[in-house]
Structures are given as structure tokens and as C-alpha cells.
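Structural overview for review
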Amino acid sequence: MIVVTGATGNVGRSLVRALAEAGERVTAVSRRPADGGLPEGVRHVPADLADPESLRPALDGADALFLLVAGEDPDGVLKVAAAGGVRRVVLLSSQGAGTRPESYPHPRAFEDAVRRSGLEWTILRPGGFASNAFAWIEPIRAARTAAAPFGDVGIPFVDPQDIAEVAAAVLREEGHAGRTYELTGPAPTTPRERARAIGAALGTPVRFVEQSREEAREQMLRFMPEPVVEGTLSILGEPSEAERRVSPDVERILGRAPRPFADWAARNAAAFR
């Protein structure tokens, strides 16, 4: 049995579906109800990674665990997992844990805990998510406008569907133990280009408005801790060579190129209408 934490999120929902379609027994874990959005036969267990003991009913009898960076006690989560029979853990971390660990101490702490857990582990480090563009839903719906800083700085954002498919492969296949994979899209895209791609998917232009760094910082502080905001803005505005690089890992694992941002925009156009 495979346990998926964050099962109702952008990656988790797709991962649960991919595993179920592959014939795996899956337990979906989330703090909130699944609202009937899970495939037939998938068990849902409400639990919170902030409370490792709440995970025991989900992890009992499990073979593998897909773990999000959430809560403050990764060692506690991993001990409960091991006690339940888990032998393989796949951690969804962040590219920033490798490129800017001082700004991403939380995912770095989870990575360290996974490495010392005694379990068979694999770490996934995605860059920026294509689904970050959901932040533009309201302004695009209301005024066909999208605002972001650093309008002409390109980064290879990754499609959450690709992350999910990589995670499914790593959870099910041998040969990934002790590996850290960098997950990116097929090419760098700028915020201006991403807004244009959403407009193309909608069949109507989306006007791009460039924010100042301070405007973006003020907006991001509403839902992100300050160190993460500063690290994220640095990546978006002054990405390092590693952060601009297109990784071969998605293609290496899936046998195909990662999906371009335009593909994500076409699949999700309805959200912006």
C-alpha cells in the first residue's frame, strides 16, 4: 500500500489518480475531506503532518510514503511511518533546499530527516510550479490582467502533473533509492510569456503588469514566511545558473520531455474564464 500525504493538492491529487490507475492500493491523507474527488477504491484518512500520531491509522500496513514538507517534526512522522511498515519514502522538497538552503530551512530539515531515517529514500526537488499562475485567477477573470515582478526573467517552471508522474514512478519502481532529482519544465519561461500563454489558451489577450520587488514582497508576505519570500524573490529576480538550468531528470524517469507551460495553461484555462 502507498500512502500519499497532501492528497488533495496540486501534486497529490494527480499522484493518487496515477497510482490508482496503475493498480496500486492507495491511502489518501489530507487535513480536509477529499470532497468525493478521489478515484474509486482509494481510502481517505484525515490526518495532519503537524501531529505525527494522527498518521498512525493511515500508515499501518503501508509499504511506501509520499511525504510533503509540512509540520515541524519530520523525525516523528518518519518514526510513525517505520513503525507502520513503510520501507520507502519519497519526499517532495524544493529546489531552494539545494540552491539557497539558508532561505529554505524547512525543506532542508525534512531532507536531513529523511536521509537519517534508515528508510529507503528519494528526494524530489521541483523548481517553480506552473500552477503558481493560479494566483492570477481573480485579476484575469476580472480584468484580463496579470501582475508579477521580474517580467522578463525566465525560469523553467515545472508542471505539477509531471511531478506527480515522476513521484508515481519513483514510488513503484526500483533503482531510485538514495537519489535526489531536480524537476523542471522543458525551457525557461518569463512571467510575461506565461501571461501570454494563458491568454492564448483563453482566446483573448491577457495584459501583463510588472510589479516592483517591494510590491511583490508585500503581497507574498500575506501567505509566506519572510525568509521564504526573500529567497523566492531572489530566485525569481536573480536566478543562479542552477536555477535557470533545465534538468534532464523528468525525461530520464518518464522517457519523455516535460510538458511546456502552454500545455498546463490549455488544461487549466477554465479556471481563468
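To keep things clear, this report deals only with the structure shown in the data block. Keep in mind it's a predicted model, so treat the numbers as computed, not measured.

Some details on the overall build of the protein
When its secondary structure is counted, the protein shows 13 helices and nine strands. Radius of gyration (C-alpha) of the protein: 19 Å, near the 19 Å computed for a compact globule of 273 residues. Summarising its shape, the C-alpha atoms of the protein cover approximately 50 × 40 × 35 Å along the three principal directions. Within the protein, the proportion of its 273 residues that are buried is 51%. Here the contacts in the protein between residues at least 6 apart in sequence split such that 72% fall between residues at least 24 apart. A total accessible area of about 12,300 Å² is found for the protein, and carbon and sulfur atoms account for 49% of it. In the protein, the 33 positive side-chain charges and the 37 negative ones have mean positions that sit 3 Å from each other.

A few points about the packing of helix 1 (residues 10-21) against helix 7 (residues 160-172)
Close contact between helix 1 and helix 7 brings their axes to 8 Å; oriented N to C, the two are set at 50°. The angle between helix 1 and helix 7 places the two elements in the oblique class. Like other packed secondary-structure pairs, helix 1 and helix 7 cross with a definite hand, here right-handed. For the pair helix 1 and helix 7, the contacting residues are Asn 10, Val 11, Ser 14, Leu 15, Arg 17, Ala 18 and Leu 19 in the first and Pro 160, Gln 161, Ile 163, Ala 164, Ala 167, Ala 168, Leu 171 and Arg 172 in the second.

Quick word on the pairing of strand 5 (residues 88-92)
In terms of burial, strand 5 is largely enclosed, as five of its five residues are buried. Residue alternation in strand 5 divides its side chains into two sets, Arg 88, Val 90 and Leu 92 and Val 89 and Leu 91, and both sets are buried. The pairing of strand 4 (residues 64-68) with strand 5 spans five bridges and is parallel. Bridge pairing in strand 5 places Phe 66 opposite Val 90. With respect to chirality, the unit in which strand 4 leads through helix 3 (residues 74-84) into the neighbouring parallel strand 5 is right-handed. In terms of strand pairing, strand 5 meets strand 6 (residues 120-126) through five bridges, oriented parallel. In the strand pairing of strand 6, Leu 91 is matched with Ile 123.

Side note on the nonpolar core
If you look at the biggest cluster of nonpolar residues, it comprises 30 residues, and the most contacted ones within it are Val 4, Leu 15 and Phe 66. Ranked by residue count, the leading element in this core is helix 7, at eight residues. Residues within four places of Leu 15 in sequence aside, it is in contact with Val 4, Phe 66, Ala 164, Ala 167, Ala 168 and Leu 171. Counting 25 residues, the second-largest nonpolar core is a separate cluster that includes Val 3, Val 77, Leu 78 and Leu 91.

Side note on the sheet that holds strand 2 (residues 26-30)
On the basis of which strands lie adjacent, the open sheet formed by seven strands has the order 3-2-1-4-5-6-8 and parallel pairing. Two strands bound the open sheet, and with one partner strand each, they are strand 3 (43-46) and strand 8 (179-183). Each neighbouring strand pair of the sheet contributes to a mean axis angle of 20°, computed without reference to strand direction. Relative to strand 2, strand 1 (residues 2-5) runs parallel, the two sharing four bridges. Bridge pairing in strand 2 places Val 4 opposite Ala 28. Sitting on the sheet, helix 5 (residues 105-115) is in contact with strand 4, strand 5, strand 6 and strand 8, with an inclination near 160° to strand 6.

A short note on the side chain of Thr 189
Mapped onto the fold, Thr 189 is located in the loop between strand 8 and helix 8 (191-202). Beyond its immediate chain neighbours, meaning those up to four positions away, Thr 189 contacts Val 153, Gly 154, Ile 155, Pro 156, Arg 194 and Phe 261.

Structural notes on the packing of aromatic side chains
Summed over all chains, the structure comprises four aromatic pairs. Judged by centre distance (6.2 Å) and plane angle (75°), the ring pair of Trp 264 and Phe 272 falls under edge-to-face. Both residues of the pair, Trp 264 and Phe 272, count as buried. One aromatic cluster is present, built from ring pairs that chain together Phe 134, Phe 261, Trp 264 and Phe 272. Taking NZ or CZ as reference, Arg 194 lies 3.8 Å from the ring centre of Phe 157, over its face.

Observations concerning helix 5
Every buried residue belonging to helix 5 is among Pro 107, Phe 110, Glu 111, Ala 113 and Val 114, and all of these are buried. Buried residues of helix 5, viewed axially, fall in a sector of 165°; they line one side. Looking at the buried residues of helix 5, the elements they touch are strand 4, helix 3, strand 5, helix 4 (96-99) and strand 6.

Here is what the cut-offs are and how they apply
Residues numbered from 1 in each chain as written. Predicted model: local features only at pLDDT ≥ 70, side-chain atom pairs only at ≥ 80, totals over all residues. Heavy atoms only, no water. Helix = DSSP H or I, 4+ residues; strand = E, 2+ residues; numbered from the N terminus. Rg over C-alpha atoms; globule rule 2.2 N^0.38 Å. Buried < 20%, exposed > 50% of the residue type's maximum accessible area, 1.4 Å probe, protein only. Contact = heavy atoms within 4.5 Å. Areas by Shrake-Rupley, 256 points an atom, 1.4 Å probe, with all protein chains shown as cover. Lys, Arg positive; Asp, Glu negative; His and termini not counted. Charge placed at Lys NZ, Arg CZ, Asp CG, Glu CD. Axes fitted to C-alpha atoms, helices over the stretch in contact; angles between N-to-C directions. Parallel < 35°, antiparallel > 145°, perpendicular 65-115°, else oblique. Left-handed = near helix turned anticlockwise from the far one by under 90°. Pairing = 2+ DSSP bridges. Right-handed = clockwise from strand over helix to strand, strands pointing away. Core = buried A, V, L, I, M, F, W, Y, C linked by side-chain atoms within 4.5 Å. Phe/Tyr/Trp six-rings, centres within 6.5 Å; stacked < 30°, edge-to-face > 60°. Lys NZ or Arg CZ within 6 Å of the ring centre and 35° of its normal. Arc of directions from axis to C-beta.

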